[in-house]
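# Structural overview for review
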Amino acid sequence: MDRRTDRDARAFADPCRGTDASALLARLAALRAADLPVHGGRTMAYVYDAGLTALDDLAARAQDAVAGVNGLDMTAFPSVVTLENEVVGRAARLLGGTAGTAGTFTSGGTESCLLAVLTAREHARRTRGVTDPEIVLPVTAHAAFHKAARLFGLRVVSVPVDDGFRVRPADVAAALTPRTALVVASAPSYAHGVVDPVPAVAATAAGHGVLCHVDACIGGWYLGHLRLVDDVPEPPPFDLSVPGVTSLSVDLHKYGYTPKGASVLLFQDAELRRHGWFAHASWPGYPVVNATLQGTKPAGPLAAAWAVLERVGTDGYAELSARVHRAVRQLVDGVGEIEGLRVLGEPDAALVAVASADPRVDPFVVADEMRLRGWYLQPQPAHAGSPANLHLTVTAAAADPARIAELLGELAGAVARARELGPPSVDPGLIELARGLDPDSLTPEEAGLALEAAGVGPGGALPARMAPVLAVLQALPAPLTERLLPEVVSRLYPGADARSGSGVPG
Ligand SMILES: *Cc1c(COP(=O)(O)O)cnc(C)c1O
């Protein structure tokens with residue numbers, strides 16, 4: 001009897017033959033060539049480059065040294081306990097912790113924010129009997145908190161921000177109810193790089209017996225070390241030393257310049273921290289205690305973060321922060337001198353949001369022009385009083401006066417070109433039609449047509465110039481955009497239909 005079933009036929013139609021290691025590595029290198037550069041400072045979002053090559057080597061070797069270790073069971077692998085304690089201790093001492101401060105190493109900012117919300121929800125339920133919890137979020141809070149609210153069943157209470165993109169404590173006070181489990185403040189916000197008035201927000205929360213989380217994911221390591229630099233203005237207060245702040249997240253894979261997969265979530269004490277942990281003894285397998293969302297947990301990012309932190313050291317980070325601070329000043333001043341551009345708000349950290357000051361200059365066209373010139377600036381669509389703008393994350397690799405001058409020169413050229421090209425035209429009829437669509441009942445075919453109209457190709461292929469696509473997305477109601485975005489990404493990942501296009505000799 002032929003043992004080959006249909007299933008086997010599918011598997012054998014495209015069998016995976018063991019491939020030569022050097023050919024695989026060559027293919028990886030070829031694939032990477034299409035990516036944005038992760039070094040050099042011209043990719044001004046997503047990547048953080050200290051500009052120190054030896055650091056990459058150290059991090060890679062540290063990852064290697066713990067390869068195979070499973071952080072799931074700290075009793076089997078006590079090395080992870082020591083490494084995590086040293087990393088968390090360093091973060092706590094930098095960011096206003098006291099002897100009782102507790103913390104957890106997580107896989108990144110999103111996981112830190114998720115766990116802060118989960119912890120607050122469980123704390124509110126167990127200590128105050130809150131069963132229909134709410135979370136108070138300034139409109140500038142990171143998307144990770146909306147993800148947390150969705151995943152963990154909290155209702156979001158949105159609070160507006162002022163002209164400088166900072167939340168007003170009185171608005172936070174007005175948003176509090178007996179059901180509030182957590183209030184969030186950013187230090188700084190991702191979109192505009194401004195620090196919320198943490199002392200007043202935290203005091204307001206504390207006055208109502210509510211927990212307050214400071215999201216210092218992107219700015220904590222930078223601002224914490226900038227405070228140690230003599231000749232710069234004191235950053236606004238934001239850390240655990242501020243009364244009423246009960247937890248704080250700080251990403252090491254941002255301004256700690258560690259490999260990705262590294263963040264720390266600090267709590268005022270271990271008693272608060274325990275509410276977010278998961279323990280389970282009611283199954284036939286091993287007894288479970290998870291401090292994070294992961295089960296099996298790589299030790300690589302922890303070991304690499306530990307090594308990088310210890311290698312750079314406090315003085316090293318203070319020096320990197322000082323350089324970045326000077327670069328940000330140069331950038332903000334320089335942007336102010338480019339006709340047609342303006343900086344949104346007054347950035348407190350190393351993030352700068354650049355909007356247009358001339359209706360003929362579309363920021364997304366500027367982004368396309370900069371991309372052609374070898375620079376990646378991140379488009380941020382208009383939202384809640386914040387106009388369309390470009391986000392620039394300044395890291396140490398870009399923090400060189402000549403590099404910033406080069407950036408400003410390219411920016412001026414891109415603006416001049418964008419003015420010539422004019423804003424992308426959006427068909428008002430199309431937008432009108434799209435606005436009539438109900439995102440909840442949209443079929444895949446209708447979604448496909450909407451995407452085609454927006455300029456997205458069948459395989460999820462995006463055009464080289466993104467400004468027209470972004471202009472359409474920006475004009476659509478958010479729920480419709482939220483229905484369409486996964487559709488675009490889904491096309492990039494066709495599943496079983498995907499074939500190895502390796503062409504790698506076996
Ligand atoms: C980056 C960031 C996050 C999320 O962190 P990831 O590491 O991207 O998951 C949360 N909050 C702020 C302010 C951030 O900048």
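Named according to an unreviewed UniProt entry, the protein chain is Aminotransferase class V-fold PLP-dependent enzyme originating from Actinacidiphila acidipaludis. In its Sequence similarities (unreviewed entry) section, UniProt records this for the protein chain: "Belongs to the group II decarboxylase family. Sphingosine-1-phosphate lyase subfamily." The record held by UniProt for the protein chain lists under Cofactor (unreviewed entry) the comment "pyridoxal 5'-phosphate".

### Some remarks on the domain arrangement of the protein chain
The domains assigned to the protein chain are domain 1 (64-280 + 288-308), domain 2 (313-421) and domain 3 (428-491). Computed over C-alpha atoms, the centres of domain 1 and domain 2 are 28 Å apart. On the side of domain 2, 27 residues touch domain 1, which itself brings 28 residues to the contact. Between domain 1 and domain 2, a total of about 2300 Å² is buried, with carbon and sulfur atoms accounting for 61% of that surface.

### Examining the sheet that holds strand β6 (residues 247-251)
To summarise the sheet geometry, strands pair through backbone hydrogen bonds and adopt either a parallel or an antiparallel arrangement. Strand order in the open sheet made by the seven strands is β1-β7-β6-β5-β4-β2-β3, with mixed pairing throughout. Each edge of the open sheet carries a strand with a single partner, namely β1 (102-106) and β3 (155-159). Each neighbouring strand pair of the sheet contributes to a mean axis angle of 20°, computed without reference to strand direction. Relative to β3, strand β2 (residues 134-138) runs parallel, the two being bridged by five bridges.

### Some remarks on the environment of arginine 126
With respect to the helices and strands, the residue arginine 126 is situated in helix α5 (residues 109-128). Exposure remark for arginine 126: the relative accessible area of 42% places this residue in the partly exposed category. When the C-alpha positions of arginine 126 and histidine 275 are compared, they lie 8.6 Å apart, and in sequence the two are 149 residues distant. For arginine 126, the residues in contact, after removing those within four places along its chain, are Arg274 and His275.

### Here's the deal with the site of the ligand
As a matter of local geometry, the ligand sits amid Gly108, Gly109, Thr110, His142, Pro188, Tyr190, Asp215, Cys217, Ile218, Asp251, His253 and Lys254. The contact in question runs from a nitrogen atom of the ligand to an N or O atom on the side chain of aspartate 215, over 2.6 Å. The contact in question runs from an oxygen atom of the ligand to an N or O atom on the side chain of histidine 253, over 2.8 Å. Considering only residue class, the shell around the ligand consists of four nonpolar, five polar and three charged.

### Quick notes on the layout of surface pockets
Taken as a whole, the second largest pocket spans an internal volume of roughly 520 Å³. Around the second largest pocket, the lining is made up of 27 residues, and of these Gly71, Met74, Glu84, Ala291 and Lys297 lie nearest the centre. The set of elements that each furnish at least two residues to the lining of the second largest pocket consists of α4 (78-94), β1, β9 (288-290) and α11 (300-336). Among the elements that line the lining of the second largest pocket, the one with the most residues is α4, at five residues. Residues of the lining of the second largest pocket, tallied by class, amount to 13 nonpolar, eleven polar and three charged.

### Looking at empty space enclosed by the protein
Within the structure shown, the criterion is met by four cavities of 30 Å³ or more. In this structure, the largest cavity spans a volume of roughly 60 Å³. Every residue along the wall of the largest cavity is listed here: Thr140, His142, Ser186, Pro188, Ser189, Tyr190, Asp215, Cys217, Ile218 and Lys254.

### Some points on the packing of aromatic side chains
Across all of its chains, the model carries six aromatic pairs by this definition. Between the aromatic rings of tyrosine 255 and tyrosine 257, the centroid separation amounts to 5.9 Å while the plane-to-plane angle is 75°, which identifies the pairing as edge-to-face. Accessibility assignment for this pair places tyrosine 255 and tyrosine 257 in one class, buried. Their ring planes at 80° and their centres at 5.3 Å tell us that tryptophan 283 and tyrosine 286 sit as a pair that is edge-to-face. Given the relative accessible area of 40%, tryptophan 283 is considered partly exposed. Each member of the aromatic cluster is reached from another via a ring pair, and the members are Tyr48, Tyr222, Tyr255 and Tyr257.

So, how was this worked out
- Residues numbered from 1 in each chain as written.
- Predicted model: local features only at pLDDT ≥ 70, side-chain atom pairs only at ≥ 80, totals over all residues.
- Heavy atoms only, no water.
- UniProt positions renumbered as here; feature names shortened; annotations may be inferred.
- Domains from an automatic or database assignment.
- Contact = heavy atoms within 4.5 Å.
- Buried area = accessible area lost by both parts, 1.4 Å probe.
- Pairing = 2+ DSSP bridges.
- Helix = DSSP H or I, 4+ residues; strand = E, 2+ residues; numbered from the N terminus.
- Axes fitted to C-alpha atoms, helices over the stretch in contact; angles between N-to-C directions.
- Buried < 20%, exposed > 50% of the residue type's maximum accessible area, 1.4 Å probe, protein only.
- Near = heavy atom within 4 Å.
- Polar contact = N/O pair within 3.5 Å; in protein donor to acceptor, adjacent residues only side chain to side chain.
- Nonpolar A, V, L, I, M, F, W, Y, C, P; charged D, E, K, R; others polar.
- 1 Å grid on protein atoms, 1.4 Å probe; cavity = no way out; pocket = protein on both sides within 12 Å on 5 of 7 lines; lining within 4 Å.
- Points joined across faces, edges and corners; volume = space filled by probe spheres on them.
- Phe/Tyr/Trp six-rings, centres within 6.5 Å; stacked < 30°, edge-to-face > 60°.

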